[in-house]
Amino acid sequence: MNFYRTTRLMLSSAAFFSLAGSAFALDGADLLKKLNAAYAAQGGTISADSVDIDGTTATLKNVSVKSAGGESLAVGEVTLSGVEEDEDGGYYIEEAAFPDINTTKDGVTVTAQELTLGGISIPATPGGDTLDTMMLYETAHTGPLKVVKDGAELFSVLESDVNLTLREDESGFDFDGAFKSMKADLSKAEDPQSKDAIEKLALQHIQGDITMKGAWELAPGTIDISEFAFDFTNIGKLNLGFKISGYTMAFVKSLQDAMKQSEANPNKEESQQALGLAMLGLMQQLSFEAAQVRFEDASITKRALDYAGAQQNISGKQMADSLKAMTPIMLAQFNIPELQNAVSAAVNTFLDDPKSLTVKAAPEKPVPFPTIVGAAMGAPNTLPQVLGVKVTAND
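Residue positions are given per chain, counting from 1 as you read along its sequence in written order. It should be noted that, the model being predicted, local features are given only for residues of pLDDT at least 70 and side-chain atom pairs only at 80 or more, the latter also being counted only at that level, while totals for whole chains, interfaces and linings use all residues. The side-chain figures draw on all heavy atoms in the structure; neither hydrogens nor water molecules are used.

A. Expanded view of the environment of Thr222. Only runs of H or I of at least four residues qualify as helices and only runs of E of at least two qualify as strands under DSSP, and these elements are numbered from the N terminus. Checked against the element boundaries, Thr222 lands in strand E14 (residues 222-232). In this analysis, two residues are considered to be in contact whenever any of their non-hydrogen atoms come within 4.5 Å of each other. Once residues within four sequence positions are removed from consideration, Thr222 is found in contact with Ala215, Trp216, Glu217, Lys243, Ile244, Ser245 and Glu289.

Take a look at the structure:
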């Protein structure tokens with residue numbers, strides 16, 4: 001893939017184009033055909049009434065897309081700029097710009113602006129289990145997104161960005177993403193009980209960010225989500241992470257094939273059953289390596305204790321003491337004494353001084369998913385030991 005990028009840079013020199021003339025004009029029909037074939041490999045379809053070519057810019061008219069198992073969605077006019085054909089017959093697109101969204105249904109208006117994808121690679125022959133047969137993109141961006149009802153803004157996102165970076169040795173990808181300055185107005189809740197809870201918890205106006213970061217190593221099929229964080233002002237930060245192996249290119253190909261077969265079956269009940277069985281078979285190829293859930297408090301815990309306590313006519317501190325007393329009793333029924341003691345200690349520490357609460361699962365070596373399922377069905381009390389579960393607070 002890096003070789004093709006270098007080739008593109010060489011071919012873009014003015015001297016070359018002055019000699020090539022119009023011999024390398026883009027073929028709009030071929031571009032759409034290969035774009036559709038690449039998307040079809042993922043189970044969807046793309047259609048356009050026509051393709052207009054102007055130099056290295058292709059404009060797709062009246063575009064509609066249909067994802068696997070979904071309904072057709074009208075997109076409108078899509079502009080592909082910086083389009084170049086590779087020597088193998090594939091295409092590289094610097095940027096795909098989509099029309100703004102402005103739709104209203106049942107009194108709710110949704111708007112979104114600045115929708116783009118960047119660095120799109122379209123394979124000449126899609127549907128295989130190698131990198132050069134996959135449709136990839138390097139960036140995805142949206143500008144302001146808003147949800148408005150009766151003139152009041154209920155939800156908004158300032159902007160979002162996703163980046164996918166192929167490593168130099170093409171051994172894998174690194175990716176990150178962010179949904180910035182998300183806002184939600186919960187003050188318009190109509191249910192009296194919900195409205196009271198929202199006010200007591202001071203959740204009328206929520207603001208924060210969602211961020212993610214991870215990597216995918218292709219050969220072992222290791223997906224490592226090191227960060228998937230929900231960070232909201234005056235509430236707290238919840239960070240989820242996990243690491244699995246076995247999610248190889250061949251696995252992805254098998255997954256796509258199973259979804260396409262399901263979509264092609266006119267008997268939906270039968271197709272869903274077949275897809276479910278296929279998924280169970282594929283899951284046996286995956287192994288669990290690690291997971292983590294961490295919550296860092298930013299004042300919501302005290303408000304939640306005060307609110308829960310008020311429902312029972314006790315103080316927030318009394319509610320915390322009650323939870324500390326109940327935790328070991330509730331865990332005793334699972335017959336996991338070692339973890340029971342660790343959880344009880346962590347809960348006590350956190351409720352006394354809410355800072356952070358962390359649950360980690362890190363086995364000594366990867367655990368195949370069938371082993372996890374077997375333990376869950378046959379001896380669920382052994383799962384914490386199988387997965388290497390630990391619970392800590394304020395660390």
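Still more ground to cover, so stick around.
B. The arrangement of the pairing of strand E11 (residues 152-166) in detail. By definition, two strands form a pair when at least two bridges between them are found by DSSP. Looking at chain direction, strand E9 (residues 139-142) and E11 are connected through 4 bridges and run antiparallel. Within E11, the position partnered with His141 by the bridge is Asp161. Pairing between strand E10 (residues 145-149) and E11: 5 bridges, direction antiparallel. Note on E11: the bridge partner recorded for Lys149 is Ala152. Linking E10 back to E11 in an antiparallel pair, the connection comprises 2 residues, with Asp150 at a positive phi of about 55 degrees. In this structure, E11 lies alongside strand E12 (residues 172-185), joined through 11 bridges in antiparallel fashion.

C. Layout of a nonpolar patch on the surface. Residues forming no salt bridge and having over 30% relative accessible area are the ones grouped into patches, like charges within 9 Å of each other and nonpolar side chains (Val, Leu, Ile, Met, Phe, Trp, Tyr) within 5 Å. Computed with a 1.4 Å probe, the accessible areas rest on the Shrake-Rupley method; for each residue, only the protein chains presented here act as cover. By salt bridge we mean one thing: a side-chain nitrogen of Lys or Arg within 4 Å of a carboxyl oxygen of Asp or Glu. A cluster of nonpolar residues, Phe228, Leu238, Leu240, Val293 and Val359, forms a patch on the protein surface that exposes about 340 Å² of accessible area. On the secondary structure map, Phe228 appears in strand E14. Residue Phe228 is classed as partly exposed on the basis of its relative accessible area, which comes to 33%. When accessible area is computed with a 1.4 Å probe and restricted to protein chains, residues below 20% of their type maximum are described as buried, those above 50% as exposed, and intermediate ones as partly exposed.

D. Summary view of a negative patch on the surface. Where like charges cluster on the molecular surface, the negative patch consists of Asp27, Glu85, Glu87, Asp88 and Asp132. With respect to the secondary-structure elements, Glu87 resides in the loop between strand E4 (73-85) and strand E5 (91-98). Charged-residue counts in this description rest on Lys and Arg as positive and Asp and Glu as negative, His and the chain ends being excluded. A charge is said to be at NZ when it belongs to Lys, at CZ for Arg, at CG for Asp and at CD for Glu.

E. A look at the side chain of Ser356. Structurally, Ser356 can be placed in strand E17 (residues 356-361). For Ser356, a relative accessible area of 3% gives the class buried. There is a polar contact of 3.4 Å between the side chain of Ser356 and the backbone nitrogen of Asp395. Beyond its immediate sequence surroundings of up to four residues, Ser356 is in contact with Arg294, Phe295, Glu296, Phe350, Thr392, Ala393, Asn394 and Asp395. Pairs of N or O atoms within 3.5 Å make up the polar contacts considered here, provided that, within protein, one atom can donate a hydrogen while the other can accept it, and that residues adjacent in sequence are counted only when both atoms are side-chain atoms.

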